[in-house]
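# Commentary on secondary and tertiary structure
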Amino acid sequence: MNNEQQKIGVFLCHCGGNISDVIDLDKIEEELSKNEDVVTIKHHENLCSLEGRKIIKDQILREGLDRVVISACSKVTHGETFQNYIKPLNPYLYEMANIREQCSWVTEDSKKATNKALSLINSEIESVKYDEPLEKIPTQVKNKVLVVGAGISGITSAVSLAKQGMEVTLIEKKPAVGGAMVKVGKVFSPEKLTEDCAACLLNPVINEMVHNKNITLLTNTKLERSERRAGNFDVILRKKPVYVDPEKCTGCGRCTAACPTIAPDEWNEGLINRKAIYKPFPQAVPSKYTLDDEHCIKCGACINVCPTNAIDLDAIDDIISLTVGSVVIATGHQRFDTSKRPEYGHELYEDVISQMELARIIGVNGPTQGKLLVPSTGKVPRRVVMVQCVGSRDQLPGGHKYCSKVCCMVALKNANLIRSHYPDTEVIICYTDMRTPGVYEKYYKFGQDNGIELIRGRPGEIAKEDDYLLVRVEDTLTGIEEEIPTDLVVLSAALESSEGTIEVANTLNVALTEDNFIKEKHPKMKPVTTDIEGIFVCGTAQGPKDITDSIIQANAAATKISELVNGGLEVEPFIATVNVKKCVMCGNCVDNCIYQAITKSRHSIHVDAISCTGCGDCIITCPEEAISIQGQSDDKLEANIKGILKNKKDDEQIIIAFLDDIGNVSANNMGINRVSCPDSVRIINVPFINRVKYRHIYYALTHGADGVFIGEYPGTSKHEEIRENVNIMKKHLEEEGINPNRLLIHSVFIPYFRGLANQFKEFDEELKITSK
């Protein structure tokens, strides 16, 4: 920074009286004119107007300004507007003081509001001195995509991407593609009030995948490692051997017949067995035999009968390396382990089954060729009782508090199928709440008309009595406790995050929700984007959803990747930079970067511009202070504080409030809703809270600030770490003889702006008491 060469212009917006009715802007001008760094001060009724643009531009050219401070509304509202208005200058050589939402709209006392506004403007005047000319970073992403998971979501996404000309590698850890959809037999159709063949719907999509030359399908394959370089991902895949050469195998089946080993048949939910060398199911894609090395005893019987020498029991894993520009996580879900609810007897009683087991039983390619038979008796059941919410909406240990969204519809579908094909069989669904949103309500009514009975209540126990099961349940609508004898009980188990989802998230360093699903960047506005640029999610890897929503999300993920590849990227220049003279190559920054933005080569540390979010984690972990964020230096943040405290009066109390982007929007909402806020609060917006170091806290508290407030959105993967850092800072303050209670951290959420205002008031009052 060279103060002598800087000419700062300050522009004050009246905002049609929103600001000037409360804040004395003439007084502000009078005070600012005493500042030698400020060479011009201009007022205007509406600076965001075209006339305001002309004023700013003319003053920049006439006075030769090289820095600008706009005192107006929030940067969220008009930041881009004023960035364009200072066009003669580099767009990063300006700052905005929010004297509307965070001052005139939350401070009734005009004198206090004027004093606070002056403080906020001074903060930006000091800060703008440290601004530097920057340019957005243009980047091109590779036209190659890795899709992890070949269920309906992964296949749909892969096909869409391939049709757009991208090279897609689709990997699936199982020997065949199709995921859960290929097993369910029928899917419900609320519009037609029918149940359609799932395989018939899925097969055309699978055929498109198979015949698209841009898609490479790798089954028996897992993602093992990933590194981010220059906006792309270097990934390592591990492909397990199938031990059967697909080029030589003719599918004669002699190997299966000769195999002496049996294992549970996953395709049929373990209801029947298969051989250790087998074809997953008749319509499997790829349509090849495979060998289950977990159960194979390597006796060689299959080799002896194979007429084409297609079997090699000594085959080893294949390691494949790829570089891709984007990754789609479509790893699907798994079902709740019903053994955690022993009262339902799933493991104990043969005739207590899951909805998927029922789907296999009534599937035409299932173990009974589609006949509904009670497993223990082989007879058609006279009554079937279904139990909803097993593991969902469940407060007990091991359960999930969320609703699995699809269970009610799955139960209704299977119940309708039973009622349609076995009209003499009674079907009762015990439910907590029937959740059939939108058009599915029609299907619900259709089921009721089809004779499905409903009891509102969660059964407490399922017991065996003679040759039948007894379901004990309280009907919560009548208050009557019932004991329902039945031949078959079907449990609707919760959908939960799959092991594969968690493994992939860990490998790619993608954040998970508290329920271990992949966390989107924003659940409303960016539902398929993860925290890491270039990695997307779709299907039940992101949370419970039905087939329709999974397909919609898969197509959305493909569209976002297309935007990325075809449009390129212009990344904001606020990224980490490394001072090579200070760097000792310890690698702490590499290990701690959750975005995989930093890599270490033999002689240097490299920061990937696309991956870096400017979060500042690397700054905190660097022992040599060799890392800084472009345009957001430590000195600049300290200048913000210095400016706020510049004209502090002896009887004045000032709280420096560092708010992250979420907190800043919440504070703006305070203003929009005219919720009053103590005039002592001066907000400094930082992109991430962990950008604030102890040196900033210490500087503020030793240069006039009475308290420091840290407002942090707790929904980030760094939440616990941030809290711990604040506790460490408090200990350091105590060691320095500073009351640690002058530092406070508080969770902030955009809708809870009133709570933020109350927290400001409480902290303001506590500090007043402490200072007495």
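Everything that follows concerns the structure shown earlier in this document.
First things first, this report covers the structure right here in the doc. (Residues numbered from 1 in each chain as written. Predicted model: local features only at pLDDT ≥ 70, side-chain atom pairs only at ≥ 80, totals over all residues. Heavy atoms only, no water.)

## Quick look at the overall build of the protein chain
Note the cut-off: By definition, any uninterrupted DSSP run of H or I lasting at least four residues is a helix, any uninterrupted run of E lasting at least two residues is a strand, and each is numbered from the N terminus. A contact between two residues is defined here by any heavy atoms of the two lying within 4.5 Å. Accessible surface area values rest on a Shrake-Rupley calculation with a 1.4 Å probe, where residue burial reflects the displayed protein chains alone. Under the counting rule used here, the positive set is Lys and Arg, the negative set is Asp and Glu, and His together with the chain ends is not counted. Where a charge sits is defined by one atom per residue type, namely NZ (Lys), CZ (Arg), CG (Asp) or CD (Glu).
For the protein chain, the helix and strand inventory stands at 21 helices and 38 strands. Considering only C-alpha atoms, the protein chain reaches an extent of 95 × 65 × 55 Å along its principal axes. Across the protein chain, every contact between residues at least 6 apart in sequence was considered, and the portion connecting residues at least 24 apart equals 71%. If you sum the accessible surface of the protein chain, you get close to 34400 Å²; carbon and sulfur atoms cover 49% of it. Positive and negative charge centroids in the protein chain, built from 89 and 107 side chains respectively, lie 4 Å apart.

## Comments concerning unusual backbone geometry
Excluding glycine, most residues fall at negative phi; most peptide bonds, likewise, are trans. Following V285, the chain continues into P286 via a peptide bond in cis, with omega recorded as 0°. The topology assignment puts P286 in the loop between strand 15 (277-278) and strand 16 (290-291). Of note, M585 is a non-glycine position whose phi angle comes to about 60°, a positive value. Its place among the elements puts M585 in the loop between strand 31 (576-578) and helix 15 (588-592).

## Observations concerning the sheet that holds strand 11 (residues 221-229)
Note the cut-off: Following DSSP output, two strands are said to pair if at least two bridges run between them. Here, axes are lines fitted to C-alpha atoms. For helices the fit covers the stretch in contact, and angles between N-to-C directions go from 0 to 180 degrees.
Taken together, three strands build an open sheet; the order of strands is 11-12-17 and the sheet is antiparallel. Whereas interior strands pair on both sides, the edge strands pair on one side only; in this sheet they are strand 11 and strand 17 (318-324). Recorded for the sheet is a direction-independent mean angle of 20° between the axes of neighbouring strands. As judged from the eight bridges shared by strand 11 and strand 12 (residues 232-239), these two strands associate in the antiparallel manner.

## Comments concerning the sheet that holds strand 27 (residues 488-493)
Pairing is parallel across the open sheet formed by five strands, whose spatial order is 20-27-21-22-23. Only two strands of the sheet have a single partner each, and these edge strands are strand 20 (352-354) and strand 23 (453-456). Pairwise comparison of adjacent strand axes, ignoring direction, gives a mean angle of 25° for this sheet. One ladder, built from three bridges, connects strand 20 with strand 27; its direction is parallel. Each residue of the ladder has a partner; that of I353, found in strand 27, is V490. Packed onto the sheet, helix 10 (residues 355-362) meets strand 20, strand 21 (383-390) and strand 27 and runs at close to 90° relative to strand 20. In the packing of helix 11 (residues 407-421) onto the sheet, contacts are made with strand 21, strand 22 (426-431) and strand 27, and the angle to strand 21 comes to roughly 170°.

## With respect to the nonpolar core
In plain terms, the rule: To define a nonpolar core, start from buried Ala, Val, Leu, Ile, Met, Phe, Trp, Tyr and Cys residues and group those joined through side-chain atoms within 4.5 Å. Each residue gets one of three labels from its accessible area relative to the maximum for its type: buried under 20%, exposed over 50%, partly exposed in between, using a 1.4 Å probe on protein chains only.
If you look at the biggest cluster of nonpolar residues, it comprises 44 residues, and the most contacted ones within it are V147, I155, L161, L170, M209, I215 and I561. Put simply, the parts of the chain that give this core at least two residues each are strand 6 (144-148), helix 6 (152-163), strand 7 (167-172), helix 7 (198-211), helix 10 and helix 14 (547-567). Excluding residues that lie within four positions of it along the chain, V147 makes contacts with G154, A158, L161, V168, T169, L170, I171 and V328.

## Notes on the packing of aromatic side chains
How we decide: Stacked, edge-to-face and tilted are the three classes for Phe, Tyr and Trp ring pairs, Trp counted by its six-membered ring, which pair at centre distances within 6.5 Å; planes under 30 degrees apart are stacked, over 60 edge-to-face, the rest tilted.
Within the structure shown, the criterion is met by 12 aromatic pairs. Judged by centre distance (5.9 Å) and plane angle (40°), the rings of F188 and Y443 are tilted. With a gap of 255 residues between them, F188 in strand 8 (residues 186-189) and Y443 in helix 12 (residues 440-449) connect regions that are remote in the sequence. Neither F188 nor Y443 differs from the other in exposure class; each is buried.

## Considering the packing of helix 1 (residues 25-32) against helix 5 (residues 110-128)
Our working rule: Roughly parallel means an angle under 35 degrees; roughly antiparallel means over 145; roughly perpendicular covers 65 to 115; every other angle is labelled oblique. Crossing handedness is read from the near helix: turned anticlockwise from the far helix by less than a right angle, it gives a left-handed crossing, and turned clockwise, a right-handed one. Under the convention adopted here, Pro, Cys and the residues Ala, Val, Leu, Ile, Met, Phe, Trp and Tyr are nonpolar, Asp, Glu, Lys and Arg are charged, and Gly plus all remaining residues are polar.
As a packed pair, helix 1 and helix 5 sit with axes 10 Å apart at the nearest point and diverge in direction by 40°. Relative to helix 5, the element helix 1 lies oblique. Judged by the twist between their axes, the crossing of helix 1 over helix 5 is right-handed. From helix 1, K27, I28, E31 and L32 reach across to helix 5, where they touch T114, A117, L118, I121, N122 and I125. Here the contact of helix 1 with helix 5 is composed, by residue class, of six nonpolar, two polar and two charged.

## Looking at the side chain of Q59
Rules: Polar contacts, as counted here, are pairs of nitrogen or oxygen atoms within 3.5 Å of one another; within protein the pair requires one atom able to donate a hydrogen and one able to accept it, and residues that are adjacent in sequence qualify only if both atoms are side-chain atoms.
Counting through the fold element by element, Q59 comes out in helix 2 (residues 50-63). Side-chain polar atoms of Q59 contact the side chain of R62, separated by 2.7 Å. Among residues more than four places away in sequence, those in contact with Q59 are F11, T40, K42, G64 and L65.

## A few points about the pairing of strand 38 (residues 743-747)
Heads up, the rule is: With the strands aimed away from the viewer, a crossover counts as right-handed if its path from the first strand over the helix to the second runs clockwise.
As judged from the five bridges shared by strand 37 (residues 707-712) and strand 38, these two strands associate in the parallel manner. By the bridge assignment for strand 38, F709 is matched with L744. Crossover handedness for the path strand 37 to helix 20 (residues 719-735) to strand 38: right-handed.

## Let's talk about the environment of V69
With respect to the helices, strands and loops of the structure, V69 is situated in strand 3 (residues 67-72). A relative accessible area of 0% means that V69 is categorised as buried. Sequence-wise, V69 and M96 are 27 residues apart; in three dimensions their C-alpha atoms are separated by 5.7 Å. With residues near it in sequence (within four places) discarded, V69 still touches I8, G9, V10, F11, E95, I121, E124, I125 and V128.

## Description of helix 11
Where we set the bar: One less than the number of residues in a helix, times 1.5 Å, gives the span that helix is expected to have.
For helix 11, which comprises 15 residues, the first-to-last C-alpha distance of 21 Å matches the rise-based estimate of 21 Å (1.5 Å per residue) to within 8%. Most of helix 11 sits inside the fold, with 12 of its 15 residues counted as buried. The set of residues buried in helix 11 consists of C407, C408, M409, A411, L412, K413, N414, A415, N416, L417, I418 and R419.

## Structural notes on the pattern of salt bridges
What counts is decided by this rule: When a carboxyl oxygen of Asp or Glu is within 4 Å of a side-chain nitrogen of Lys or Arg, the pair counts as a salt bridge.
Applying the stated criterion to the full structure yields 39 salt bridges. The partner of K27 in a salt bridge is E31, and the shortest N-O contact between them spans 3.5 Å. Here the residue K27 and the residue E31 both occupy positions in helix 1, the gap between them amounting to four residues, near one helical turn. In this structure, K163 and E208 form a salt bridge, with 2.6 Å as the shortest nitrogen-oxygen distance. Of the two residues, K163 is situated in helix 6 and E208 in helix 7; the sequence distance between them amounts to 45 residues.

## Some words on the packing of helix 5 against helix 17 (residues 634-644)
It is at 7 Å that the axes of helix 5 and helix 17 come closest, and there the two elements cross at 150°. Relative to helix 17, helix 5 is oriented so that their crossing is right-handed. Between helix 5 and helix 17, the residues in contact are S119, N122, S123, E124, E126 and S127 and K636, A639, N640, K642, G643 and I644, respectively. Considering only residue class, the contact of helix 5 with helix 17 consists of two nonpolar, six polar and four charged.

## Considering the state of the cysteines
Test applied: Only a pair of cysteine sulfur atoms within 2.5 Å counts as a disulfide in this structure description.
All chains considered together, the criterion is met by zero disulfides. Left unpaired, C622 is separated from the closest cysteine sulfur, that of C586, by 6.1 Å. Judged by its relative accessible area of 14%, C622 is buried.

## What to know about the environment of I41
Within the secondary structure layout, I41 lies in strand 2 (residues 38-44). Ignoring sequence-local partners within four residues, the contact set of I41 consists of V10, L12, E29, L32 and S33.

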